[in-house]
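What follows is the residue order along each chain.
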Amino acid sequence: MKRSIKAALLSALVFPGVGHFTLGRPGRACLFLLPAAVGAIYMTGQVMARVNLIVAQVESGALALDPQAISERLSAAAGAEGPWMSLAVAVCVLCWAGSVIDALLLGDGPGPDH
């Protein structure tokens, strides 16, 4: 398998920038990996905060343990995260796509295997 395809698959299927490590480009890997990790951590924190709120409401009896009621509560709050969640999603998507494209473009150049 060509190095570029292997690197692109690693970046696409594991995490942005991971494929760049196989290309011997750790600095470039960090350019994709770190912003995507920050975005993913922020998104996970926001999701966990919402989950904890829903769980607390169910435990207190303020929200029935009914999938339809929980779904309606989640739908009503959709989009309430604000611009930071949108920015985190955009950063993750751009890093993911960029790392795949960059790995494909860099993969066949000189590196440790050449």
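That block above? That's the structure.
Since the model is a prediction, treat every value here as computed from it, not as a measurement.

Draft legend 1. Geometry of the overall build of the protein chain. Helix and strand counts for the protein chain come out as 5 helices and 0 strands. Listed by position from the N terminus, the elements making up the protein chain come as α-α-α-α-α. For 114 residues, the compact-globule estimate of 2.2 N^0.38 gives 13 Å, and the C-alpha radius of gyration of the protein chain, at 19 Å, exceeds that figure by more than 25%. Projected onto its principal axes, the C-alpha coordinates of the protein chain cover approximately 65 × 25 × 15 Å.

Draft legend 2. Structural view of the environment of methionine 43. Along the chain, methionine 43 turns up in helix 3 (residues 26–60). For the pair methionine 43 and alanine 88, spaced 45 residues apart in the sequence, the C-alpha separation amounts to 6.7 Å. Apart from residues lying up to four places away in sequence, methionine 43 is in contact with Met85, Ala88, Val89 and Cys92.

Draft legend 3. Expanded view of helix 3. Over its 35 residues, helix 3 runs 49 Å from end to end, which matches the ideal 51 Å to within 8%, given 1.5 Å per residue. Of all the positions in helix 3, only Ala29, Phe32, Ala36, Ala37, Gly39, Ile54 and Gln57 are classed as buried. Tucked into the core, helix 3 has its buried residues touching helix 2 (18–22), helix 4 (67–77) and helix 5 (83–106). One or two steps after helix 3, the chain reaches glycine 61, where phi turns positive at roughly 90 degrees.

Draft legend 4. Region of interest: the environment of isoleucine 70. Checked against the element boundaries, isoleucine 70 lands in helix 4. Between the alpha carbons of isoleucine 70 and valine 55 there is a distance of 9.6 Å; along the sequence they are 15 residues apart. Sequence-distant contacts of isoleucine 70, defined by excluding residues within four places in its chain, comprise Ile54, Val58, Leu63, Ala64 and Leu65.

Draft legend 5. Structural view of the nonpolar core. Of all hydrophobic cores here, the largest spans 6 residues; its members are Ala7, Ala8, Leu23, Val100, Ala103 and Leu106. Only helix 1 (3–13) and helix 5 provide two or more residues apiece to this core. Counting residues per element, this core draws most heavily on helix 5, which supplies 3 residues.

Draft legend 6. Structural detail: a nonpolar patch on the surface. A grouping of Met1, Ile5, Leu9, Leu13, Val14 and Leu104 is seen on the molecular surface, where their side chains present a nonpolar patch of about 630 Å² in accessible area. With respect to the helices and strands, the residue valine 14 is situated in the loop between helix 1 and helix 2. Residue class for valine 14 comes out partly exposed when judged on its relative accessible area of 49%.

Draft legend 7. Layout of the packing of helix 1 against helix 5. Two elements in contact, helix 1 and helix 5, have axes whose closest approach is 8 Å; the angle formed by their N-to-C orientations is 170 degrees. By the criterion of interaxial angle, the relationship of helix 1 to helix 5 is roughly antiparallel. In this structure, helix 1 uses Ser4, Ile5, Ala7, Ala8, Ser11 and Ala12 to contact helix 5, whose residues at the interface are Trp96, Ser99, Val100, Ala103 and Leu104. Looking at the contact of helix 1 with helix 5 residue by residue, the class counts come to 8 nonpolar, 3 polar and no charged.

Draft legend 8. Looking closely at the side chain of glutamine 57. Tracing the backbone shows glutamine 57 in helix 3. For glutamine 57, a relative accessible area of 19% translates into the label buried. Beyond its immediate chain neighbours, meaning those up to four positions away, glutamine 57 contacts Ala62, Leu63 and Arg73.

Conventions used here
- Residues numbered from 1 in each chain as written.
- Predicted model: local features only at pLDDT ≥ 70, side-chain atom pairs only at ≥ 80, totals over all residues.
- Heavy atoms only, no water.
- Helix = DSSP H or I, 4+ residues; strand = E, 2+ residues; numbered from the N terminus.
- Rg over C-alpha atoms; globule rule 2.2 N^0.38 Å.
- Contact = heavy atoms within 4.5 Å.
- Expected span 1.5 Å × (residues − 1).
- Buried < 20%, exposed > 50% of the residue type's maximum accessible area, 1.4 Å probe, protein only.
- Core = buried A, V, L, I, M, F, W, Y, C linked by side-chain atoms within 4.5 Å.
- Patch = residues over 30% accessible without salt bridge, like charges linked within 9 Å, V, L, I, M, F, W, Y side chains within 5 Å.
- Areas by Shrake-Rupley, 256 points an atom, 1.4 Å probe, with all protein chains shown as cover.
- Salt bridge = Lys/Arg side-chain N within 4 Å of Asp/Glu carboxyl O.
- Axes fitted to C-alpha atoms, helices over the stretch in contact; angles between N-to-C directions.
- Parallel < 35°, antiparallel > 145°, perpendicular 65-115°, else oblique.
- Nonpolar A, V, L, I, M, F, W, Y, C, P; charged D, E, K, R; others polar.

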